[in-house]
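Inside the fold
Each chain is listed here by its residues.
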Amino acid sequence: MTIGVFGDFYVNFGWWGSLVGLFIFGAFMAYTINWFVGRFVINESGLYIAFVPYLYSYFVRANNDFYAGANNLFKGLLIFLFLRFVIRRFIAESH
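A quick note: this is a predicted structure, and the numbers were derived from the prediction, not measured.

Our next topic: a nonpolar patch on the surface. Together, Tyr54, Ile79, Phe82, Leu83, Phe85, Ile87, Phe90 and Ile91 give the surface a local cluster of nonpolar side chains, amounting to about 770 Å² of exposed area. Per-element tally for the nonpolar patch: the top contributor is helix 3 (residues 66-94), with seven residues. Along the chain, Phe90 turns up in helix 3. Judged by relative accessible area, Phe90 falls into the exposed class, the value being 52%.

Below is the structure:
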């Protein structure tokens, strides 16, 4: 049974531990979003902002655990980097 990110932290760390853990988790998510936006959206193309909801949507869905969200974030980043490579290598060179 999956209980979501909030429930996962509560079961593993208790009341106060879940507050600290969720704060660290939120800080990590904010850092990665700022890194992604600063590295790819501002410096390269504003269209890459469309990937942010795709990368982080799994964390806010109901009945998903932390590990599935982290897995989705990592795999989504790999897909984004692959698509970015294809766009820069093949599509941008043809124009």
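Turning to the nonpolar core, a few remarks are in order. Phe25, Phe36, Tyr56, Phe59 and Phe80 are the most contacted members of the largest nonpolar core, which has 16 residues in total. For this core, the secondary-structure elements that each account for two or more residues are helix 1 (4-42), helix 2 (51-60) and helix 3. Setting aside residues up to four positions removed in sequence, Phe25 forms contacts with Val5, Phe9, Phe59 and Phe66.

The rules behind these values
- Per chain, residues are indexed from 1 in the order of the written sequence.
- Per-residue local features of the predicted model are confined to residues with pLDDT of at least 70, and side-chain atom pairs are confined, for both listing and counting, to 80 or more; whole-chain, interface and lining totals are unaffected and use all residues.
- Just so you know, side-chain values use all the structure's heavy atoms and leave hydrogens and water out.
- Surface patches are drawn from residues lacking salt bridges whose relative accessible area is over 30%; two like charges belong together within 9 Å, two nonpolar side chains (Val, Leu, Ile, Met, Phe, Trp, Tyr) within 5 Å.
- The accessible surface values rely on the Shrake-Rupley method and a 1.4 Å probe; as for residues, cover is taken only from the protein chains in view.
- Here, a salt bridge means any side-chain nitrogen of Lys or Arg that lies within 4 Å of a carboxyl oxygen of Asp or Glu.
- Numbered from the N terminus, helices here are DSSP runs of H or I no shorter than four residues, and strands are runs of E no shorter than two.
- To sort residues, take the accessible area from a 1.4 Å probe on protein chains only and compare it with the maximum for the residue type: under 20% means buried, over 50% means exposed, and anything in between is partly exposed.
- Definition of nonpolar core: a set of buried residues of the types Ala, Val, Leu, Ile, Met, Phe, Trp, Tyr and Cys, connected through side-chain atoms within 4.5 Å.
- It only takes one pair of heavy atoms within 4.5 Å for two residues to be counted as in contact.

That's the geometry; what it means functionally is another story.
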